[in-house]
Amino acid sequence: MPGIGASCRLNPRYNEASARVVMPSGNYTRSQMLAHDLAGRLAAGDVRALARAIRMVEDRDPEIARVLREVRSRTGRAHIVGVTGPPGSGKSTLCDQVIERWRSQGHRVGVIAVDPSSPFSGGAILGDRIRMQRHTTDSGVFIRSMAARGHVGGLAAAAREAVRLLDAGGRDRCLVETVGVGQSELEVMRTADTTVVVTTPAAGDAVQIIKAGILEIADIFVVNKADLPGAAKVYRDLKDLVRQTKGHAAWQPPVIQTSAQTGNGVDELVEALDRHHDAIATGGELERRRRERLRAEVEAIVVERSADRARRALHERTMEDELAGDLRDVDPYALAERILNPNGQTGR
Ligand code: GDP
C-alpha cells in the first residue's frame, strides 16, 4: 500500500459502529482512514459525507476509488432515471415535479445535474436550477451539479460514480439531468436505467430534432409544455416515430404529454417510470444495461490510467538525444514505442 502520511491502526470498534462497511484489519495511511471513515458515514446516510465524496469524484481524488470500493455492496438498489432534452424544454421544472411525487411516495431522492459545456460546478449551475431549489431544505432530496472541469475520464464517468455514491447513500430514486442533447449528454444518459427525452411544441419539428442517437436511448418521450399550441401534433408525430422505429421492440416507448408548470401529466410520467423499471428488471434488460455500464466504466479507467502513465513516461524521457541529429533519421513511431516501453517489450 502506498505510504502517504502517517500510518494508523484501524480501530476495531469502528467496524461495529459502522457495521456495513468493513475494512480488512491492518495498517492504513491517514488518507486511507479518512476514505474509510467517509465510506462508513456515507453508507449510514450522512448527507455531508455524500457531498464530500461527490466532490472527490469531481476532483479526481485518488482515494475515491477506496470509497467506491467500500460502498459497492450497498449499490444496485436505486432506480436511475436520465432526463435529457434541449435547453428550455422544461427539464428542471419537470424534475422538480417528479421529485415531489417521489417524495410523497416516501422515496429518498438524489439528483445530479450535468453540464458538459460549463467549466463551473457546484453552486454556479445549481443557481440556474432554481426550479428544483424548493427541495433543498428537504434532507430526503440531495441535488448536486457537476461540470466537466477537464475531467480526463469524461463527465459520463464522473456522473456514473456520483450516481453510485447516491445509490450507496440510500437514495432509491436518482435523476441525472443534462443541459442539452449533444454527444456528451448522450454518453451521460448511458448512466441511466430509464432515459426520458423531453421535447416541446415550441421546438418546431420535434421529430427532426430527435436524432438517431437519441431515438436509440429513449425509453420514454415527454411532450412538455402541453399547454402550448401544437402539442397534439408533436404527440402524434412522436407516436408515429415510435411505431415506425420500435414497432416490434419488447418495450414500446410511451409518449406522455405534460405541463410541468401545472403538474398535469406528471403522475402518468411517474407511473411510466415504474413500469419501465419493472419491465427491464423482469426481462433481464436491467442487468444487461448495468453490465454494459460497468464495461464502459472499466474502459474509461483504462483510458484514464494509460494516459496518466504516458504522461509520466514523457515527463521522465526528454528525447533530446534523438532530436539533436538529422531529423530525417527520427522515426516518430519507433521513438514513441521506446518511450512507452523503455524495457524493450513492444506494445503490439
Ligand atoms: P430546462 O432548461 O430544460 O431545465 O427548462 P426549465 O425547467 O428551466 O424551463 C424553461 C422555461 O419553461 C421556464 O420559464 C419554465 O417556467 C417554463 N416551463 C417549464 N415547463 C413548462 C410548461 O409545461 N408549460 C409552459 N408554458 N412553460 C413551462
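Residues numbered from 1 in each chain as written. Predicted model: local features only at pLDDT ≥ 70, side-chain atom pairs only at ≥ 80, totals over all residues.

## Some points on the overall build of the chain
Looking only at helices and strands, one finds 15 helices and 9 strands in the chain. The buried share of the chain, taken over its 348 residues, is 39%. Contacts spanning at least 24 positions in sequence make up 72% of the contacts within the chain whose residues lie at least 6 apart. (Helix = DSSP H or I, 4+ residues; strand = E, 2+ residues; numbered from the N terminus. Buried ≥ 20, exposed ≤ 12 C-beta atoms within 10 Å, placed from the backbone. Contact = placed C-beta atoms within 7 Å.)

## Side note on the pairing of strand β4 (residues 109-115)
Burial runs high along β4: 7 of the 7 residues are buried. Side chains V109, V111, A113 and D115 project from β4 onto one buried face, and the interleaved G110, I112 and V114 project onto a second face that is buried too. Bridge count between β4 and strand β5 (residues 141-147): 7 bridges; the pairing is parallel. Of the residues in β5, the one forming a bridge with V111 is I143. In this sheet, strand β6 (residues 173-178) lies alongside β4 in parallel orientation, the contact comprising 6 bridges. Bridged to A113 within β6 is E177. (Pairing = 2+ DSSP bridges.)

## Overview of the site of the ligand
Surveying the vicinity of the ligand reveals 15 residues, the closest of which are G90, K91, S92, T93 and A260. Across the shell around the ligand, the residue classes tally to 3 nonpolar, 8 polar and 4 charged. (Near = placed C-beta within 6 Å. Nonpolar A, V, L, I, M, F, W, Y, C, P; charged D, E, K, R; others polar.)

## Observations regarding helix α4 (residues 64-71)
Looking only at α4, the buried set comprises I64, R66, V67, E70 and V71. Along α4, the residues classed as buried sweep out an arc of 160 degrees about the axis, all on the same side. Buried residues in α4 make contact with α2 (30-43), α3 (47-58) and α7 (155-168). (Arc of directions from axis to C-beta.)

## Side note on the nonpolar core
Core analysis: the biggest nonpolar cluster contains 70 residues, and L42, A53, A159, A162 and V176 have the highest contact counts within it. For this core, the element with the highest residue contribution is α7, accounting for 10 residues. Among the domains, domain 1 (7-73) and domain 2 (75-289) are the pair contributing at least three residues each to this core. In this structure A159 touches I112, V114, M146, V176, V188 and T191, once residues within four positions along its chain are discounted. (Core = buried A, V, L, I, M, F, W, Y, C linked by C-beta atoms within 7 Å. Domains from an automatic or database assignment.)

## Describing the sheet that holds strand β7 (residues 194-199)
Taking strand neighbours across the sheet as the criterion, the 7 strands line up as β5-β4-β6-β3-β7-β8-β9 in an open arrangement whose pairing is parallel. A strand with exactly one partner marks an edge of an open sheet, and here the two such strands are β5 and β9 (255-257). The mean angle between the axes of side-by-side strands here comes to 20 degrees, regardless of whether they run parallel or antiparallel. Alignment of strand β3 (residues 79-84) against β6, held across 5 bridges, turns out to be parallel. Each bridged residue has a counterpart across the sheet, and for V81 the counterpart in β6 is L175. Its contacts with the sheet place helix α5 (residues 91-104) against β3, β4, β5, β6, β7 and β8 (220-223), and it is angled at close to 175 degrees to β6. (Axes fitted to C-alpha atoms, helices over the stretch in contact; angles between N-to-C directions.)

## A closer look at the confidence of the model for the chain
On average, residues of the chain score 83 in pLDDT, and 81% of them are at 70 or above. The element-level mean pLDDT for the chain is lowest in strand β1 (residues 7-9), coming to 35, with β9 highest at 97. For residues 1-20, every residue scores under 50 in pLDDT, and the model assigns this stretch 25 contacts once sequence neighbours within four places are set aside. Contacts from residues 120-128, a stretch scored under 50 in pLDDT, to residues over four places away or in other chains number 15 contacts. (pLDDT = per-residue confidence, 0-100.)

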